[in-house]
Each structure stands twice: as C-alpha cells, then as structure tokens.
Amino acid sequence: MNQATESKMKQMKLYGMHSAFKTALESGKTDHYTIDQFVSMIIDAEWDERHNRRIERSIKNARFHYKSNIENIHFDESRNLDRTLVFRLAECDFVEKNQTF
C-alpha cells in the first residue's frame with residue numbers, strides 16, 4: 001500500500017508530501033503521530049516545498065546579474081562598512097517597527 005501511495009504522490013506532483021511521507025516511514029516515526037498530526041506534518045512539508053520552489057523560481061526568473069548574499073560581503077577597511085549595522089538591517093526588524101534609517 002505504501003508503494004502505491006508514494007507512486008500516486010509523485011504522479012500528483014506532491015513532492016514535499018512524498019518526501020515527508022517516505023522519511024517518516026523509513027525512520028519509523030509514524031507511531032509517534034496521531035492521524036491528524038501526521039496529515040498536518042505532510043501537508044506542512046508540501047507547503048514548504050512549494051514555497052521554496054516558488055522562491056527559487058522567482059530568483060531564477062529575476063535574472064540577477066550577480067549571485068550574492070549578506071555572508072559574502074567584504075568588510076574591508078577601505079569600504080567603510082559597519083558590519084553590525086549591515087547585519088542588523090538584514091534582519092529587517094526596522095520594517096516591523098516602522099523605523100527608517
């Protein structure tokens with residue numbers, strides 16, 4: 001039955017759900033969940049998978065000229081960048097607090 005279920009999940013393109021279902025079966029953690037918790041867990045996995053694919057697709061479609069991230073910033077003395085300020089701004093807490101810089 002599990003093989004048929006996994007096959008149907010793949011055919012329906014429920015990749016996140018398939019991965020979570022397969023991992024739960026392989027690790028034997030299915031006994032630790034109630035039915036509603038298990039369904040919730042695999043639905044959350046599917047939602048996360050789709051959300052991550054949407055982000056990846058958006059990044060790919062944006063066709064950025066450079067691939068960069070906060071961790072790769074060079075804080076050389078000549079650039080006069082404040083490392084603490086840059087990382088604090090990257091957390092975006094100022095948006096929730098309606099602050100400006």
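In the block above lies the structure referred to throughout.
A few points on the structure. The shown structure was predicted, so the numbers you read here are calculated from the model rather than taken from an experiment. (Residues numbered from 1 in each chain as written. Predicted model: local features only at pLDDT ≥ 70, side-chain atom pairs only at ≥ 80, totals over all residues. Heavy atoms only, no water.)

**A word on the overall build of the chain**
The secondary structure content of the chain amounts to 5 helices and 0 strands. Counting from the amino terminus, the chain carries its helices and strands in the arrangement α-α-α-α-α. Here the C-alpha atoms of the chain give a radius of gyration of 21 Å, more than 25% beyond the 13 Å that 2.2 N^0.38 yields for 101 residues. The principal-axis extents of the C-alpha atoms in the chain amount to approximately 65 × 30 × 25 Å. Relative to its 101 residues, the chain shows a buried fraction of 14%. Partitioning the contacts of the chain with sequence separation of at least 6, the portion at a separation of at least 24 is 27%. As displayed, the chain has an accessible area near 9,000 Å², and 51% of this comes from carbon and sulfur atoms. (Helix = DSSP H or I, 4+ residues; strand = E, 2+ residues; numbered from the N terminus. Rg over C-alpha atoms; globule rule 2.2 N^0.38 Å. Buried < 20%, exposed > 50% of the residue type's maximum accessible area, 1.4 Å probe, protein only. Contact = heavy atoms within 4.5 Å. Areas by Shrake-Rupley, 256 points an atom, 1.4 Å probe, with all protein chains shown as cover.)

**Considering helix H4 (residues 83–90)**
Where H4 starts, the residue carrying a side-chain oxygen 3.3 Å from the main-chain nitrogen of Thr84 turns out to be Asp82. Trailing H4 by a residue or two, Cys92 shows a phi angle of about 65°, which is positive. (Polar contact = N/O pair within 3.5 Å; in protein donor to acceptor, adjacent residues only side chain to side chain.)

**Considering a nonpolar patch on the surface**
Together, Ile35, Val39 and Ile43 make up an exposed nonpolar region whose accessible area comes to about 290 Å². Its location among the elements puts Val39 in helix H3 (residues 35–62). (Patch = residues over 30% accessible without salt bridge, like charges linked within 9 Å, V, L, I, M, F, W, Y side chains within 5 Å. Salt bridge = Lys/Arg side-chain N within 4 Å of Asp/Glu carboxyl O.)

**Regarding the packing of aromatic side chains**
On inspection of all chains with the given rule, the structure shows 3 aromatic pairs. Ring centres of Tyr33 and Phe38 lie 6.1 Å apart, and the angle between their planes is 55°; this geometry places the pair in the tilted category. Ring geometry for Phe75 against Phe87: centres 5.9 Å apart, planes inclined by 40°, an arrangement best described as tilted. Highlighted residues: Phe75 in the loop between H3 and H4 and Phe87 in helix H4, separated in sequence by 12 residues. (Phe/Tyr/Trp six-rings, centres within 6.5 Å; stacked < 30°, edge-to-face > 60°.)

**Some remarks on the packing of helix H2 (residues 15–27) against H3**
Across the interface, H2 lies against H3 with an axial gap of 7 Å and an inter-helix angle of 135°. Between H2 and H3, the crossing angle belongs to the class labelled oblique. Viewed along their axes, H2 and H3 form a crossing whose handedness is right-handed. Contact residues: H2 offers Tyr15, Gly16, Met17, Ala20, Phe21 and Ala24, while H3 offers Phe38, Met41, Ile42, Ile43, Ala45, Glu46, Glu49 and Arg53. (Axes fitted to C-alpha atoms, helices over the stretch in contact; angles between N-to-C directions. Parallel < 35°, antiparallel > 145°, perpendicular 65-115°, else oblique. Left-handed = near helix turned anticlockwise from the far one by under 90°.)

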